[in-house]
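Results of the structural survey
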Protein chains: 2
Amino acid sequence: MAAPSRKTDVFQAIADPTRRQLLSMLGEREMPVSVISGHFPMSRTAVSKHLRILADAGLVKERKIGRETRYRLEPEPLLELKRWLAYYERYWDNKLLALQRFVEGDETDGTIALVAPEEDGTRTID
Amino acid sequence: MAAPSRKTDVFQAIADPTRRQLLSMLGEREMPVSVISGHFPMSRTAVSKHLRILADAGLVKERKIGRETRYRLEPEPLLELKRWLAYYERYWDNKLLALQRFVEGDETDGTIALVAPEEDGTRTID
DNA sequence: ATTATATGAAACCAAAAGGTTTCGTGTCAA
DNA sequence: TTGACACGAAACCTTTTGGTTTCATATAAT
């Protein structure tokens, strides 16, 4: 399955505080737009647009029931974030950090040598 | 300690692909601006601005050496991201998800009941 | 049949983001 | 001391973002 190459980037999607709030809200239960938007100090339409962005990133799924559209959390894309973050776990090990800084003291030309992850966490195939 | 209430949001800071690339690059070694910008298809000034944003988020630290400024990764703020993400781990447990959806089938009024994390992952003290 | 409800689409707008070029300043090298 | 280098600040421009209001459409309720 891999990454379904979504329309909107997950990193981009969660950058907005309103959208993060939406996610936590929709994690609890599926909800229709009007109910959701009741919790925000902005128009229903604005919330609706945020929901679309989240949907484009695969972070929420919509389901039509009668005249209402209900949204619910779809956590799977967050795994990409988790993967990205996992790389940096290694820096939380202080010993490794110390070692690295020690090495830095020597080589000062700025050449890149060590291995990096997929540089930006997105599958850029070049 | 806690959250030093940084000028720029971590979520915002990592939203840009260029900045994510910068982080992975600076994780490997400390580097001066001109060397860093050599790896990007944009002006040195543009890279410099991205570095400032990262610095404002606490994700990189700068150190002046002679006429050059070297930047290095400062991974600590990523812990906020990790904390945020940790909340959603619970949804990756399929059993819990199944249970929740079952419950949803009953209560359809859209009232919020369950406990949410800090809604948007930022320390909003009100 | 008519009216009310739930929602998305469209047009619009101000502010923020991401870039550029130009300029000033501090530092190193001849 | 003169020039080259490394860098940030400032002014500027274009595109994107986050919001608004208005309108159209589908469904539900009377």
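Just so you know, these numbers come straight off a predicted model, no measurement behind them.

1. Considerations on the overall build of chain A
Counting secondary structure elements, chain A contains six helices and three strands. Within chain A, residue pairs in contact and separated by at least 24 positions form 58% of the contacts whose partners lie at least 6 positions apart. As presented, chain A carries roughly 7100 Å² of accessible surface, and 54% of it is formed by carbon and sulfur atoms.

2. Section: the sheet that holds strand β1 (residues 31–32) of chain A
Residues and elements named next belong to chain A. The strand order across the open sheet built from three strands is β1-β3-β2, with neighbouring strands paired in antiparallel fashion. This sheet does not close on itself; its edge strands, each paired only once, are β1 and β2 (60–65). One ladder, built from two bridges, connects β1 with strand β3 (residues 68–73); its direction is antiparallel. Paired with M31 across the two strands is Y71, which belongs to β3. Strands in contact with helix α2 (residues 17–28) are β1, β2 and β3; relative to β3, the strand with the most contacts, it is inclined by about 95°.

3. Looking at the protein's contact with DNA strand C
Surrounding DNA strand C, one finds 21 residues, the nearest of these being S34(A), R44(A), S48(A), K49(B) and H50(B). Counting only atoms of DNA strand C within 4 Å of the protein, the sugar-phosphate share comes to 62%. One of the backbone nitrogen or oxygen atoms of T69(A) is found 3.1 Å away from a phosphate oxygen of DNA strand C. Note that a phosphate oxygen of DNA strand C is positioned 2.7 Å from one of the side-chain N or O atoms of S43(B).

4. Describing helix α2 (residues 17–28) of chain B
Note that an α-helix has 3.6 residues per turn; residues three or four places apart therefore point the same way. Residue and element names in this part refer to chain B. Under the 1.5 Å per step criterion, the end-to-end length of α2 is 17 Å for twelve residues, consistent within 8% with the ideal 16 Å. Counted residue by residue, α2 has eleven buried out of twelve residues, so it is predominantly covered. Regarding α2, the residues found buried are T18, R19, R20, Q21, L22, L23, S24, M25, L26, G27 and E28. Of the residues flanking the start of α2, the one acting as N-cap is D16, its side-chain oxygen 2.8 Å from the backbone nitrogen of T18.

5. Quick word on the confidence of the model for chain A
Mean pLDDT over chain A stands at 81; residues scoring 70 or higher make up 70%. Confidence drops under a pLDDT of 50 for residues 105–126 of chain A, and excluding neighbours within four residues, the segment shows 38 contacts in the predicted structure.

6. Some thoughts on the pairing of β3(A)
Residues and elements named next belong to chain A. Counted residue by residue, β3 has five buried out of six residues, so it is predominantly covered. Across six bridges, the pairing between β2 and β3 is antiparallel. Residue K64 lies in a different strand from β3, and its bridge partner there is T69.

7. Considering helix α5 (residues 78–89) of chain A
Over its twelve residues, α5(A) extends 17 Å from the first C-alpha to the last, a length consistent with the 16 Å expected when each residue adds 1.5 Å. Residues of α5(A) that are buried: L78(A), E80(A), L81(A), W84(A), L85(A), Y87(A) and Y88(A). Burial along α5(A) is one-sided: seen end-on, the buried residues are contained in an arc of 165°. Elements that come into contact with the buried residues of α5(A) comprise α1 (10–13) of chain A together with α2, β3 (68–73) and α5 (78–89) of chain B.

8. Quick look at the packing of aromatic side chains
The full count for this structure, using the stated rule, is ten aromatic pairs over all chains. Each ring, one from F11(A) and one from W84(A), has its centre 5.4 Å from the other, and the planes form 80°; the classification is edge-to-face. Taken as a pair, F11(A) in helix α1 and W84(A) in helix α5 lie far apart in primary sequence, 73 residues in all. We note that F11(A), like W84(A), is buried. A ring pair is formed by Y87(A) and Y88(A), whose centres lie 4.8 Å apart and whose planes are at 85°; its orientation type is edge-to-face. Taken together, the ring pairs connect F11(A), W84(A), Y87(A), Y88(A) and Y91(A) into an aromatic cluster. Above the plane of the ring of F11(B) lies R20(A), whose end atom (NZ or CZ) is 3.9 Å from the centre.

9. Digging into the protein's contact with DNA strand D
Among the 22 residues in the neighbourhood of DNA strand D, the closest are listed as S43(A), K49(A), H50(A), S34(B) and S48(B). Here DNA strand D approaches the protein such that, of its atoms within 4 Å, sugar and phosphate make up 65%. The contact in question runs from a phosphate oxygen of DNA strand D to an N or O atom on the backbone of S34(B), over 2.6 Å. With respect to DNA strand D, the side chain of R44(B) contributes an N or O atom lying 3.2 Å from a base nitrogen. Looking at the surface near DNA strand D, the elements with two or more residues in it are α4 (44–56) of chain A together with α3 (33–37), α4 (44–56) and β3 of chain B. Here the surface near DNA strand D is composed, by residue class, of five nonpolar, nine polar and eight charged.

About the thresholds
- Residues numbered from 1 in each chain as written.
- Chains lettered and ligands numbered in written order.
- Predicted model: local features only at pLDDT ≥ 70, side-chain atom pairs only at ≥ 80, totals over all residues.
- Heavy atoms only, no water.
- Helix = DSSP H or I, 4+ residues; strand = E, 2+ residues; numbered from the N terminus.
- Contact = heavy atoms within 4.5 Å.
- Areas by Shrake-Rupley, 256 points an atom, 1.4 Å probe, with all protein chains shown as cover.
- Pairing = 2+ DSSP bridges.
- Axes fitted to C-alpha atoms, helices over the stretch in contact; angles between N-to-C directions.
- Near = heavy atom within 4 Å.
- Polar contact = N/O pair within 3.5 Å; in protein donor to acceptor, adjacent residues only side chain to side chain.
- Expected span 1.5 Å × (residues − 1).
- Buried < 20%, exposed > 50% of the residue type's maximum accessible area, 1.4 Å probe, protein only.
- pLDDT = per-residue confidence, 0-100.
- Arc of directions from axis to C-beta.
- Phe/Tyr/Trp six-rings, centres within 6.5 Å; stacked < 30°, edge-to-face > 60°.
- Lys NZ or Arg CZ within 6 Å of the ring centre and 35° of its normal.
- Nonpolar A, V, L, I, M, F, W, Y, C, P; charged D, E, K, R; others polar.

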